[in-house]
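Remarks on the overall topology
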Amino acid sequence: MLDKNVQIFDTTLRDGEQVPGCKLNTEQKLIIAEQLDLLGVDVIEAGFPVSSPGDFKSVEAISKLIKHATVCGLTRSVENDIKVAAEALKYAKKPRIHTGIGTSDSHIKFKFKSNQEEILKRAFEAVKYAKSFVEDVEFYAEDAGRTDNEYLARVCETVIKAGATVLNIPDTTGYCLPHEYGAKIKYLRENVRGIEKAVLSCHCHNDLGLATANSIEGVINGARQIECTINGIGERAGNTALEEVVMILKQHPYLKLDTNIKTEMLYGISHLVSDSMGIYTQPNKAIVGANAFAHSSGIHQDGVIKNRETYEIIDPKDVGVTESSIVLTARSGRAALAYRAKNIGYELTKLQLDEIYSNFLDFADKKKEVDDSDIHQIIESSIVYK
Ligand code: KIV
Ligand code: ZN
């Protein structure tokens, strides 16, 4: 029987930091890591220790700092990577080594110039070696999304025998369709001997805009860990967005899947990450974008003013946004104008509203957004109001 809790593995500081043009120093990483710990993530992937002295230092400092979450370091299936990661993680209360190797035909042929049997051997040895340092070892089968399922099952069985506790099934290139990714997880659950000893993990990239959908299909089909980043940042088109998967599971309780995330912190941490990395969040980004709770068309505004459930599926407070906003543009109706006018102290009669509304439209046609001082000016200059 699978647990209803889905572990949230945050890789903002490793896969997320691979965004072109982004570089965080150790100080910034510590601030983000501490907030991630408070947010309630289960695992913080702090970096790739062998990649540079700076990354080693950051992983070591995060290991010392973090109180609750497991701290994880990435490695290739290379002895020295694993030894260095173990060293960087030695102060962590709960250390995890995340090792792995490419398993798709193209990775085996072009990257490793090897063959399937050799890759199985390297995977086994890497996990066994990592186990000599830590109990908790996660294995990634890079490009699992394009790896033949039968071979992938053999890889999983092999690393479970070596002691892997978590099996990461990355859709490294963001190629899978949701039903295919879900079927892959289901296949592994049904065909890998010893699977009950390990947790299956989704690690999806967003090249076709499907990272969130694929991760959700993964957990519906039996995965119990999602690897994700704040704002979905990451290599190329990014990774699965943490705030999206968490809110999908919260807003669909019939799925009977939960996380430990304190969702009221999502908006704040989204800003922290985008400010620290200097990477803008698109305004229409789900959950944390500037427009995620802004209503601007007349029909929607009228509905939301009557009852917010008409056009809002999430209470903005649940993600740390104080309240949704009614944005006044030339598409707004009388209800929205009356509502915003009331907020700044004007109770308008129907007659006043009719006259002011036509002045408002003339004004709004010339300006993208009408703000409170504009409303004030429109009302005060209106003859019917005087
Ligand atoms: O996308 C990927 O395959 C990865 C692995 C290194 C886990 O990030
Ligand atoms: Zn990745």
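Residues numbered from 1 in each chain as written. Chains lettered and ligands numbered in written order. Predicted model: local features only at pLDDT ≥ 70, side-chain atom pairs only at ≥ 80, totals over all residues. Heavy atoms only, no water.

**Considering the site of ligand 1**
The test is simple: Whether a residue is near a molecule or strand depends on its heavy atoms: it is near if one of them lies within 4 Å of it. N or O atoms closer than or at 3.5 Å make up a polar contact, with two conditions inside protein: a donor-capable atom paired with an acceptor-capable one, and, for residues adjacent in sequence, both atoms drawn from side chains. Surface accessibility in these figures is a Shrake-Rupley result with a 1.4 Å probe; residues are shielded only by whichever protein chains are displayed. The numbering of helices and of strands both runs from the N terminus, where a helix is a DSSP run of H or I of at least 4 residues and a strand a run of E of at least 2. For this classification, Asp, Glu, Lys and Arg are treated as charged, while Ala, Val, Leu, Ile, Met, Phe, Trp, Tyr, Cys and Pro are nonpolar and the rest, including Gly, are polar.
Inspection of the region around ligand 1 gives Arg14, Asp15, His98, Tyr140, Glu142, Asn168, Pro170, Thr172, His203 and His205 as its neighbouring residues. Take Asp15: an N or O atom from its side chain is 3.1 Å from an oxygen atom of ligand 1. A distance of 3.0 Å separates an oxygen atom of ligand 1 from a polar side-chain atom of His205. Contact with the protein chains hides 93% of the accessible area of ligand 1, taken as 260 Å² for the molecule alone. Elements with a contribution of two residues or more to the shell around ligand 1: β5 (136–142) and β6 (166–171). Class assignment of the residues belonging to the shell around ligand 1 gives a composition of two nonpolar, five polar and three charged.

**Comments concerning the confidence of the model for the chain**
Low-pLDDT portions of the prediction should not be read for the details of their coordinates. Using the following cut-off: Note on scores: pLDDT gives the predictor's confidence for each residue, bounded by 0 and 100.
With 99% of its residues at a pLDDT of 70 or more, the chain shows a mean pLDDT of 96. The ipTM assigned to the predicted complex is 0.99, against a pTM of 0.95.

**Thoughts on the packing of helix α5 (residues 116–131) against helix α6 (residues 149–162)**
Between two packed helices, the angle of one axis relative to the other and the distance separating the axes together describe the packing. Quick reminder of the rule: Orientation is described by axes fitted as lines to C-alpha atoms, over the contacting stretch for helices, and by angles from 0 to 180 degrees between their N-to-C directions. Working definition: roughly parallel below 35 degrees, roughly antiparallel above 145 degrees, roughly perpendicular at 65 to 115 degrees, and oblique for all remaining angles. In this scheme the crossing of two helices becomes right-handed for a clockwise turn of the near helix relative to the far one and left-handed for an anticlockwise turn of less than a right angle. Residues are treated as being in contact if the distance between any of their heavy atoms lies within 4.5 Å.
Two numbers describe how α5 lies on α6: the axes approach to 8 Å, and their chain directions differ by 30 degrees. With respect to α6, the axis of α5 lies roughly parallel. Regarding α5 and α6, the two cross each other, and that crossing is right-handed. Across the interface between the two elements, Gln116, Glu117, Ile119, Leu120, Ala123, Phe124, Val127, Lys128 and Lys131 of α5 pack against Tyr151, Arg154, Val155, Thr158, Val159, Lys161 and Ala162 of α6.

**Description of the nonpolar core**
Rules: Here, nonpolar core means buried Ala, Val, Leu, Ile, Met, Phe, Trp, Tyr and Cys residues that are tied together by side-chain atoms lying within 4.5 Å of each other. Throughout this description, buried means an accessible area under 20% of the type-specific maximum (1.4 Å probe, protein chains only), exposed means over 50%, and partly exposed covers the range between.
Grouped together as the largest cluster of nonpolar side chains are 85 residues, with contacts concentrated most on Leu39, Phe139, Leu167, Ile169 and Leu242. With eight residues, the single largest contributor to this core is α6. If we ignore the near neighbours within four places in the chain, the residues touching Ile169 are Ala144, Leu152, Cys156, Tyr181, Lys184, Ile185, Leu188, Leu200, Ser201 and His203. Counting residues in each nonpolar core, the second largest holds 18 residues, with Val304, Ala330, Ile356 and Ala364 among its members.

**Notes on helix α10 (residues 266–277)**
Under the convention used in this document: Any helix carries an expected span of 1.5 Å times its number of residues minus one. This arc corresponds to the set of directions leading from the helix axis out to the C-beta atoms.
Its twelve residues place the ends of α10 17 Å apart at the C-alpha level, agreeing with the 16 Å of an ideal helix rising 1.5 Å per residue. For α10, the complete set of buried residues consists of Leu266, Ile269, Ser270, Val273, Ser274, Ser276 and Met277. Along the axis of α10, the buried residues cluster in a sector spanning 165 degrees; they form a single face. Buried residues in α10 make contact with α1 (26–39) and α9 (242–251). Gly278 lies just past α10 and shows a positive phi near 70 degrees.

**Quick look at the pattern of salt bridges**
Put simply, the rule reads: A pair is scored as a salt bridge if a Lys or Arg side-chain nitrogen falls within 4 Å of a carboxyl oxygen belonging to Asp or Glu.
For the structure shown, the criterion picks out 26 salt bridges. Taking the shortest distance from any N to any O, the salt bridge between Glu312 and Arg308 comes out at 3.1 Å. Of the residues examined, Arg308 reaches a relative accessible area of 30% and is grouped as partly exposed. Salt-bridge contacts for Asp374 lead to Lys367; the nearest nitrogen and oxygen are separated by 2.5 Å. According to the relative accessible area criterion, Asp374 is buried, its value standing at 8%. Members of the salt-bridge network, linked through shared partners, are Glu17, Lys23, Lys29 and Asp55.

**Describing the pairing of strand β7 (residues 199–204)**
Looking along a regular strand, one sees side chains alternate from face to face of the sheet. Inclusion rule: Here the rule is simple: two strands pair whenever DSSP picks up at least two bridges between them. Seen with its strands pointing away from the viewer, a crossover is right-handed if its path from the first strand over the helix to the second goes clockwise.
Within β7, five of the six residues are buried, leaving the element largely enclosed by the surrounding structure. Here β6 pairs with β7 via six bridges, running parallel. Paired with Ile169 across the strands is Cys202, a residue of β7. Tracing the backbone out of β6, into helix α7 (residues 178–191) and back to the parallel element β7 gives a crossover that is right-handed.

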